[in-house]
Amino acid sequence: QVQLVESGGGLVQAGGSLILSCVASGSSFRINVLGWYRQAPGKQRELVATITRGGSTNYADSVKGRFTISRDNAKNTVYLQMNSLKPEDTAVYYCSTGWGIDVYWGQGTQVTVSS
């Protein structure tokens, strides 16, 4: 079992920045890939970025060049630095991890970007 707790969401104007954090606890030693996903109202949940334990990253095209995912393995924490935010980035952002058939999600944190 893994517990994920996100923080750092909020309201920001377009062009602004936010940093999200997600702390993993429980069987965190099993974690390889950590990811950020988001779900806007009326839309499906979508991948934002992932990072492996070794630091390899992957980004959705819509956030490349604006968002940066990073992690601190010693603190079992993954971050999402979000710059040049746009109104279309408004969503609930979720941290996720998993292995095999087990998938774990955090409770989500709301990010709202005003125009």
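This text goes with the structure placed above it.
Residues numbered from 1 in each chain as written. Predicted model: local features only at pLDDT ≥ 70, side-chain atom pairs only at ≥ 80, totals over all residues. Heavy atoms only, no water.

**Student:** Explain the overall build of the chain residue by residue, including any values.
**Tutor:** From N to C terminus, the chain includes 0 helices and 11 strands. From first element to last, N terminus to C terminus, the chain shows the α and β order β-β-β-β-β-β-β-β-β-β-β. On C-alpha atoms alone, the chain measures out to a radius of gyration of 13 Å, which is about the 13 Å that the 2.2 N^0.38 rule sets for 115 residues. Along the three orthogonal principal directions, the C-alpha set of the chain runs to about 40 × 25 × 20 Å. Burial analysis of the chain (115 residues in total) assigns 42% to the buried set. Partitioning the contacts of the chain with sequence separation of at least 6, the portion at a separation of at least 24 is 52%. When the accessible surface of the chain is split by element, carbon and sulfur atoms take 49% of a total near 6000 Å². Taken together, the 10 basic and 7 acidic charged side chains of the chain have centroids lying 3 Å from each other. (Helix = DSSP H or I, 4+ residues; strand = E, 2+ residues; numbered from the N terminus. Rg over C-alpha atoms; globule rule 2.2 N^0.38 Å. Buried < 20%, exposed > 50% of the residue type's maximum accessible area, 1.4 Å probe, protein only. Contact = heavy atoms within 4.5 Å. Areas by Shrake-Rupley, 256 points an atom, 1.4 Å probe, with all protein chains shown as cover. Lys, Arg positive; Asp, Glu negative; His and termini not counted. Charge placed at Lys NZ, Arg CZ, Asp CG, Glu CD.)

**Student:** Help me get a handle on the pattern of salt bridges, residues and values and all.
**Tutor:** Summed over the entire model, instances satisfying the criterion amount to 4 salt bridges. One salt bridge in this structure joins E46 and R38, with 2.7 Å as the shortest N-O distance. E46 sits in the partly exposed class, given a relative accessible area of 36%. D89 is paired through a salt bridge with R66; the nearest N and O atoms lie 2.7 Å apart. Here the residue D89 occupies a position in the loop between strand 8 (77-82) and strand 9 (91-99), and R66 occupies one in the loop between strand 6 (57-59) and strand 7 (67-72), the gap between them amounting to 23 residues. No difference in accessibility class separates D89 from R66, as the two residues are buried. (Salt bridge = Lys/Arg side-chain N within 4 Å of Asp/Glu carboxyl O.)

**Student:** Break down the state of the cysteines for me, with residues and values.
**Tutor:** Summed over the entire model, instances satisfying the criterion amount to 1 disulfide. For C22, the disulfide goes to C95, at an S-S distance of 2.2 Å. With the S-S bond torsion at -80°, the cross-link from C22 to C95 turns out left-handed. Here C22, found in strand 3 (residues 18-26), pairs with C95, found in strand 9; they are 73 residues apart in sequence, far enough to count as distant. (Disulfide = S-S within 2.5 Å.)

**Student:** How would you summarise the packing of aromatic side chains if you had to cite specific residues and measurements?
**Tutor:** Counted by the stated rule, this structure contains 3 aromatic pairs. Relative to W105, the ring of Y37 lies with its centre 5.1 Å away and its plane at 70°, an arrangement referred to as edge-to-face. With Y37 in strand 4 (residues 34-39) and W105 in strand 10 (residues 102-105), the pair connects residues that are 68 residues apart, well separated along the chain. Among the residues examined, Y37 registers a relative accessible area of 23% and is labelled partly exposed. (Phe/Tyr/Trp six-rings, centres within 6.5 Å; stacked < 30°, edge-to-face > 60°.)

**Student:** Tell me what's going on with the environment of S96, and back it up with residues and numbers.
**Tutor:** The residue S96 is located in strand 9 in this model. For S96, a relative accessible area of 6% corresponds to the buried category. Among residues more than four places away in sequence, those in contact with S96 are L4, V33, L34, G35, Y37, V103, Y104 and W105. A polar contact of 3.0 Å, which involves the side chain of S96, links it to the backbone oxygen of Y104. (Polar contact = N/O pair within 3.5 Å; in protein donor to acceptor, adjacent residues only side chain to side chain.)

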